[in-house]
Each structure stands twice: as structure tokens, then as C-alpha cells.
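Structural overview
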Amino acid sequence: MDLLQRFALGEIDAFETLVRQFQGEVYGWIVRVVRDPGVAEDLTVETFWRMYRARTQFRAEGNFAGWARRIATNLALDHLKRRRPEQSLVDELAGEARPDPVLRREMREGIQRAFRGLPAKLQVAATLALVEERPYEEIAEALGTSVGAVKLRVFRAVRILRKRLDRFRSQDLVERT
Amino acid sequence: MSEHDEREIREALKQAFPPINRELGRDLWPAVLRKLAARPARPTRVPWYDWALIGVSAGVLLFFPQLILVFAYHL
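The paragraphs below set out a description of the structure included in this document. Each residue is numbered by its place in its chain's sequence as written, counting from 1. Chain letters and ligand numbers both follow the written order, the letters beginning at A and the numbers at 1. The predicted origin of the model limits local features to residues at a pLDDT of at least 70 and limits the giving and counting of side-chain atom pairs to 80 or more, whereas totals for whole chains, interfaces and linings rest on all residues. Neither water nor hydrogens contribute to the side-chain values; these are computed over all heavy atoms in the structure.

Numbering of helices and strands runs from the N terminus; a helix is a DSSP stretch of H or I covering at least four residues, while a strand is a stretch of E covering at least two. Looking only at helices and strands, one finds four helices and zero strands in chain B. Counted from the first residue to the last, chain B has its helices and strands arranged as α-α-α-α. Only C-alpha atoms enter the radius of gyration, while the globule expectation follows 2.2 Å times N to the 0.38, with N the number of residues. Relative to the 2.2 N^0.38 estimate, which gives 11 Å for 75 residues, the radius of gyration of chain B is 28 Å and therefore markedly larger than a compact globule would have. Of the roughly 5,800 Å² of accessible surface on chain B, a fraction of 64% belongs to carbon and sulfur atoms. Surface exposure here means Shrake-Rupley accessible area, sampled with a 1.4 Å probe, where a residue is shielded only by the protein chains that are shown.

This brings us to empty space enclosed by the protein. Residues and elements named next belong to chain A. The method works on a 1 Å grid over the protein atoms by themselves. A cavity is a set of points holding a 1.4 Å probe that cannot get out, a pocket is an open set with protein on both sides within 12 Å along at least five of seven lines, and residues with an atom within 4 Å of a point line them. Grid points are joined across faces, edges and corners, and a volume is the space filled by probe spheres set on the points. Per the stated rule, a full pass over the model turns up one cavity of 30 Å³ or more. Counted as a void, the largest cavity has a volume near 40 Å³. Lining the largest cavity are Phe22, Glu25, Val26, Ala65, Ala68 and Arg69. Those elements giving two or more residues to the lining of the largest cavity turn out to be α2 (12–34) and α4 (64–82).

A general trend in soluble globular proteins is that nonpolar side chains are found buried together. Each nonpolar core is a collection of buried residues, namely Ala, Val, Leu, Ile, Met, Phe, Trp, Tyr and Cys, held together in the definition by side-chain atoms within 4.5 Å. Exposure classes here rest on a 1.4 Å probe applied to the protein chains alone. A residue is buried below 20% of its type maximum, exposed above 50%, and partly exposed in between. If you look at the biggest cluster of nonpolar residues, it comprises 68 residues, and the most contacted ones within it are Phe7, Phe15, Phe48 and Phe64 of chain A together with Leu13 and Val32 of chain B. Residue contributions to this core peak at 12 residues, all from α2 of chain A. Built from parts of two domains, this core gets at least three residues from each of domain 1 (3–83) and domain 2 (101–176) of chain A. Contact between two residues is taken to exist if any of their heavy atoms lie within 4.5 Å; hydrogens are not considered. Setting aside its immediate chain neighbours within four residues, Leu13 of chain B contacts Ile111, Phe115, Leu130, Val131 and Leu161 of chain A. Boundary definitions for the domains trace back to an automatic or database domain assignment.

Contact with chain B, which involves 32 residues of that partner, is made by 50 residues of chain A. Two parts placed together each lose some accessible area under a 1.4 Å probe, and adding up what both lose gives the buried area. Approximately 4,000 Å² of surface area, both sides summed, lies buried where chain B meets chain A, with 66% of it carried by carbon and sulfur atoms. Every case where a carboxyl oxygen of Asp or Glu lies within 4 Å of a side-chain nitrogen of Lys or Arg is listed as a salt bridge. Where chain B meets chain A, there are seven salt bridges. A salt bridge links Arg22 of chain B to Glu132 of chain A; its shortest N-O distance comes to 2.7 Å.

Residue and element names in this part refer to chain A. At Arg35, a position not held by glycine, the phi torsion is positive, near 55°. Inspection of the secondary structure puts Arg35 in the loop between α2 and α3 (37–53). Look at Glu133: it is not a glycine, yet its phi comes out positive at around 55°. Here Glu133 is to be found in the loop between α7 (120–131) and α8 (136–143).

So, on to the side chain of Gln23 of chain A. Tracing the sequence through the fold places Gln23 of chain A in helix α2. Of the residues examined, Gln23 of chain A reaches a relative accessible area of 9% and is grouped as buried. In protein, a polar contact requires one atom able to donate a hydrogen and another able to accept it; more generally it is a pair of N or O atoms within 3.5 Å, and residues adjacent in sequence count only if both atoms are side-chain atoms. A polar contact is formed between the side chain of Gln23 of chain A and the backbone nitrogen of Leu28 of chain B, at a distance of 2.8 Å. Each residue touching Gln23 of chain A, except ones within four places of it in the same chain, is listed here: Thr44 and Phe48 of chain A together with Leu24, Asp27, Leu28 and Trp29 of chain B.

Take a look at the structure:
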């Protein structure tokens, strides 16, 4: 009997092997979306817990990594819905990896605020497509939707951000003059 | 909205959200195991109201067997 069949039957040893094999991949996917290592670890644990709970629904010939990514994406999405935009902005700045000399701090804050103000579904699609540059097919699979729907979400996110950034720039210009 | 817009927003976002370390720093299996112990992961159960609905439906069909024909017609 192979590993996935044993997992579907509830064998804890098989589950441990799968967790150890896929935890890096699942964590890497979640941290791309939530951009907070602590939260990403918690959500990775929650992902595997949910997978074990739903093991009877898993078909042994199925794609374990794809299934994990889908559950992980839903959890990340729920996290973004719960998170307040102001809080996330502070977190983002606190966890900043390297300062950028080109873009001014206020501009960066403006972009982050505008981005975190987007609906969670648009945030996830835009983060994965524009920031992380993941293929649309992969994003669609993780979100359980079509490539067309992902493209539409990215389009809507860009349009909203464009408007907000234009407004931010014009306000900035007025303040400077 | 043009391709230029998308490119500009993409660049702005990349600068606003610098690359994040994607490497997992520790083994999460012990945490998964603790969670399993704290909240045992039973396979999904049928909720009580579904059982109640099945019970009510079976009772109705038992007392009014002619309704089977009505259900069969609508199915």
C-alpha cells in the first residue's frame, strides 16, 4: 500500500512522512500570501490538521501538493479577511527585509495601505501574480477557480490600485506646493 | 487600463513588498501532533440536523406511503 493510501486510512506514520515532505512547500506558499513568518507557520500547522481531518475525502491517486495548496490558500484568504488593514501595515513595516532607497517611505506606505485595503480575494491574486509572479494556472488551481477569473481579479486589483495611487500622488503634490 | 499600468503597479508593489524569506526555519510536525492531540481530527461527521431531516422524512413516508409516488414524480 502506498503512502497516500495509508494516509487516507488514517495511519499517523504516513501522515508524519507527508507533513515532513510537504511542510516547506506549504509554508513557502502561505508566507508568499500573508507575508508574516509567524502567521504562516500557524496556518501551515492548521492546513495539515485540516488535511488529516478530511483525509477520507482524499483520493489516493490525487495530487496531495495541489490539495494542500488549496486548503492553505483558503486559510490564508480567511486570515487576510480577518486582518485589519492598519494592523497589517504596521506588521509589514516592522518585518521589512531591506529598505528601498528609490521609493520614498511615504509612497511605500501609501502603496501598502492601498493594497491592504483591497478585498482579500484581489489581494491574494495580485500578490501571487504581480509580486510573486506565479503562473496563472497555479494560482487558479490554488484558488479553486479558472485562469480567466484570476486574470479578472488581477485586472480589478490593478485598476483599483491605479486609482488610489493617482489620488495619493495628487494629494502628495498638493501638500508639497 | 494598459499593459503599462500593470507594469507600473507590479513594480510599485515589488518595491513596497520586498522579498520575504520562504524557507521554513523549523520542523512543524511536533506542532501538528500537538494540535491533533488537542483537537482530535475525526473525519467529517453528518450534522445532527441532517439526521433529524432523514428521521422526519422516513417517518412521513412510513405513515403516508403514497407520498413516495409524489417524490418519485418530482425526482
